[in-house]
Amino acid sequence: MGDQRVAGVLRAAVRVIDPMLELLADRDPLGIKKRTFTESGSTGSTGSVDTALNAVAKVFDAADTPGTKAWESMTVDQRVNWWVRRVGGISTVAVAFPGIFGVLARRLPLGDVLGFANQAIVLVAVAREYGIDDRDEQVRLLASVLCNRELPVGASVDAPTPQEAAEVETGESRRLSRSPFALLSTLWSVTKILRAVTDELDKRPRSRTVYRWLGNLPVVGAVAGYFGERGALVRAAKLGRTWIERRSTSAPVVRKG
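Residues numbered from 1 in each chain as written. Predicted model: local features only at pLDDT ≥ 70, side-chain atom pairs only at ≥ 80, totals over all residues. Heavy atoms only, no water.

- In the nomenclature of an unreviewed UniProt entry, the chain corresponds to EcsC family protein from the organism Rhodococcoides corynebacterioides.

Examining the overall build of the chain
(1) Moving on: Tallying secondary structure elements over the chain gives 12 helices and 0 strands in all.
(2) Moving on: A burial count over the chain gives 48% of its 257 residues as buried.
(3) Moving on: Considering only contacts in the chain between residues 6 or more positions apart, those separated by 24 or more positions represent 75%.
(4) Moving on: Just so you have it, the chain exposes about 12,600 Å², and 58% of that area is on carbon and sulfur atoms. (Helix = DSSP H or I, 4+ residues; strand = E, 2+ residues; numbered from the N terminus. Buried < 20%, exposed > 50% of the residue type's maximum accessible area, 1.4 Å probe, protein only. Contact = heavy atoms within 4.5 Å. Areas by Shrake-Rupley, 256 points an atom, 1.4 Å probe, with all protein chains shown as cover.)

Overview of unusual backbone geometry
(1) Moving on: Of note, Asp64 is a non-glycine position whose phi angle comes to about 55 degrees, a positive value.
(2) Moving on: Residue placement: Asp64 occurs in the loop between α3 (48-62) and α4 (69-72).
(3) Moving on: According to the relative accessible area criterion, Asp64 is partly exposed, its value standing at 24%.
(4) Moving on: Residue Asn148 is not a glycine yet carries a positive backbone phi of 55 degrees.
(5) Moving on: As for its position among the elements, Asn148 is in the loop between α7 (135-147) and α8 (162-170).
(6) Moving on: Accessibility expressed as a relative area gives 63% for Asn148, which makes it exposed.

A word on the pattern of salt bridges
Pairs can form between side chains of opposite charge whenever their charged atoms are close.
(1) Moving on: Under the defined criterion, the tally for this structure stands at 16 salt bridges.
(2) Moving on: We note a salt bridge from Glu129 to Arg79, for which the minimum N-O separation is 3.8 Å. With Glu129 in helix α6 (residues 110-129) and Arg79 in helix α5 (residues 76-96), the pair connects residues that are 50 residues apart, well separated along the chain. This pair shows no difference in class: Glu129 is buried, exactly as Arg79 is.
(3) Moving on: Through salt bridges with shared partners, a single ionic network connects Asp112, Asp202, Arg204, Arg206 and Glu229. (Salt bridge = Lys/Arg side-chain N within 4 Å of Asp/Glu carboxyl O.)

As for α3
(1) Moving on: Relative to the 21 Å expected for 15 residues at 1.5 Å per residue, α3 spans 21 Å between its end C-alpha atoms, a close match to the ideal helical length.
(2) Moving on: When α3 is considered as a whole, its buried residues turn out to be Asp50, Leu53, Asn54 and Ala57. Down the axis of α3, the smallest arc covering the buried residues is 105 degrees, so these residues share one side. Opposite the buried face of α3, by more than 90 degrees, sit the exposed residues Ser48, Thr51, Lys58, Val59 and Ala62.
(3) Moving on: Of the surrounding secondary structure, the elements contacted by the buried residues of α3 are α2 (32-35).
(4) Moving on: Immediately beyond the C-terminal end of α3, within one or two residues, lies Asp64, with a positive phi of roughly 55 degrees. (Expected span 1.5 Å × (residues − 1). Arc of directions from axis to C-beta.)

So, the packing of α6 against α7
(1) Moving on: Where α6 meets α7, the closest approach of the two axes is 10 Å, and the angle between their N-to-C directions is 135 degrees. By the angle class used here, α6 and α7 are oblique. Along this stretch, α6 crosses α7, giving a crossing that reads as right-handed. The residues of α7 that touch α6, namely those facing Phe116, Gln119, Ala120, Leu123, Val124, Ala127 and Arg128, are Gln138, Leu141, Leu142, Val145, Leu146 and Cys147.
(2) Moving on: Residues belonging to the contact of α6 with α7 are distributed by class as follows: 10 nonpolar, 2 polar and 1 charged. (Axes fitted to C-alpha atoms, helices over the stretch in contact; angles between N-to-C directions. Parallel < 35°, antiparallel > 145°, perpendicular 65-115°, else oblique. Left-handed = near helix turned anticlockwise from the far one by under 90°. Nonpolar A, V, L, I, M, F, W, Y, C, P; charged D, E, K, R; others polar.)

Digging into the packing of aromatic side chains
(1) Moving on: One pass over the structure, following the stated rule, counts 4 aromatic pairs.
(2) Moving on: Taken together, a centroid distance of 5.0 Å and an interplanar angle of 90 degrees make the contact between Trp82 and Trp83 edge-to-face. Taken individually, Trp82 and Trp83 each receive the classification buried, so the pair is uniform in this respect.
(3) Moving on: Between Tyr226 and Phe227 the ring centres are 5.5 Å apart and the planes differ by 85 degrees, which places this aromatic pair in the edge-to-face class.
(4) Moving on: According to the relative accessible area criterion, Tyr226 is partly exposed, its value standing at 21%.
(5) Moving on: An aromatic cluster is built from Trp71, Trp82 and Trp83, whose rings are joined through pairwise contacts. (Phe/Tyr/Trp six-rings, centres within 6.5 Å; stacked < 30°, edge-to-face > 60°.)

See the structure below:
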């Protein structure tokens, strides 16, 4: 499979991932995140609704949610770890689920595609924390870490794939960004896109051998799959940061939440 084809599929995935990350990081329709910047969390009004929103704001702040006061005080290392451990941890549950069927799951590529998609989501989030919002650069990052392909700077990665064309026509990005289950919806949508590059799936950071062996066992395979994929995700994030830092000519840019 040629570089341009792989790049086109990865770009289609990025077009779906970005709106979901913007939803988690930047949007605050109820003003809950904004409340964390006031001393009491209150906007000045009183009543049960205001009290409830203040309570939710405290939970958001305690969870270091992007866009809160706690998030603003975090370093780039802490922010990257948040995406890996909080967001990546949630989606890794879905990645590991096919392992409940043990060796039978090996007959289907679903687990590998989900794992690839999960790593792609977290890698794009890492790139954004380094100030990399350019989609061509995000595609090059994914190609390097997940496909072991170094796409040259300036190379064309704009060629639309059938999957990307369908995504644009149906407004997939906008639909996903409004979904209350945006993360899981995005994971599944990206998984469908990445089926076009099944030959690349084995190149991504993978679980340790012991976890893959335990993954052949029914039920236990799901638990082993979770810890194996969690470790693989951490390694993918580290590789992504190394790739970014090697290409940076200045210090990382910390995005404001």
